[in-house]
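Breakdown of the fold
Listed here are the chains, written in short residue letters.
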Amino acid sequence: MINIYDDINKLQATFRKTEEFVNLQKAVEAVRENEESKTLFTNFRDVQMKFQEKQTAGEELTEEEYVYLQKTAQLAQQDMRILAMLEAEMALSTVIQEVNRIITQPIQALYDEL
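Residues numbered from 1 in each chain as written. Predicted model: local features only at pLDDT ≥ 70, side-chain atom pairs only at ≥ 80, totals over all residues. Heavy atoms only, no water.

Remarks on the nonpolar core
If you look at the biggest cluster of nonpolar residues, it comprises 13 residues, and the most contacted ones within it are Leu24, Val31, Phe41, Phe44, Ile82 and Met85. Put simply, the parts of the chain that give this core at least two residues each are α2 (19-33), α3 (35-56), α4 (63-78) and α5 (80-112). Tallying contributions element by element places α5 first for this core, with five residues. (Core = buried A, V, L, I, M, F, W, Y, C linked by side-chain atoms within 4.5 Å. Buried < 20%, exposed > 50% of the residue type's maximum accessible area, 1.4 Å probe, protein only. Helix = DSSP H or I, 4+ residues; strand = E, 2+ residues; numbered from the N terminus.)

Below, the structure written as structure tokens:
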């Protein structure tokens, strides 16, 4: 019997060595080391999570909440460290999407044969 988890653990180790992961790791560290950047990002993330929870519960954001979310995001994105971190995260996300596409390719092939 094949143990897929052994291969997944190897993939995780390889993933951590990719340029995209290393770049994100460095960008996160830069934000962590700067109190202003860290506070801005933490606030942005907390606001974003709060509003996502509200939407998940089926509640609509008020105009005031939406404006506050936008302002918080704009403030965070004006910080060069945060911006670099978000860009690094997007680059890593592209790798993850490609890996997901490759992993799920056999499933798609099954359906393509219908």
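A word on the packing of α2 against α5
The N-to-C vectors of α2 and α5 enclose an angle of 155°; their axes lie 8 Å apart at closest approach. Of the possible angle classes, the one that applies to α2 and α5 is roughly antiparallel. For α2 against α5, the interelement crossing comes out left-handed. Listed contacts from α5 to Glu20, Phe21, Asn23, Leu24, Ala27, Val28, Ala30 and Val31 of α2 are Arg81, Ile82, Ala84, Met85, Ala88, Glu89, Ala91, Leu92 and Val95. The residue inventory of the contact of α2 with α5, partitioned by class, reads 13 nonpolar, one polar and three charged. (Axes fitted to C-alpha atoms, helices over the stretch in contact; angles between N-to-C directions. Parallel < 35°, antiparallel > 145°, perpendicular 65-115°, else oblique. Left-handed = near helix turned anticlockwise from the far one by under 90°. Contact = heavy atoms within 4.5 Å. Nonpolar A, V, L, I, M, F, W, Y, C, P; charged D, E, K, R; others polar.)

Concerning the environment of glutamine 74
With respect to the helices and strands, the residue glutamine 74 is situated in helix α4. Spatially, the C-alpha atom of glutamine 74 lies 9.3 Å from that of phenylalanine 44, the residues being 30 residues apart in sequence.

Topic: α3
The terminal C-alpha atoms of α3 lie 31 Å apart, and with 22 residues this matches the ideal 32 Å at 1.5 Å per residue to within 8%. Residues of α3 that are buried in the fold lie against α2, α4 and α5. The N-cap of α3, judged by a side-chain oxygen 3.1 Å from the amide nitrogen of glutamate 36 a few residues on, is asparagine 34. Positive phi shows up at glycine 58, right after α3, with a value of about 85°. (Expected span 1.5 Å × (residues − 1). Polar contact = N/O pair within 3.5 Å; in protein donor to acceptor, adjacent residues only side chain to side chain.)

Comments concerning the environment of arginine 45
Inspection of the secondary structure assignment puts arginine 45 in helix α3. Along the primary structure arginine 45 and alanine 73 are separated by 28 residues, whereas in three dimensions their C-alpha atoms are 8.9 Å apart.

Read these as layout, nothing more, since geometry by itself doesn't imply function.
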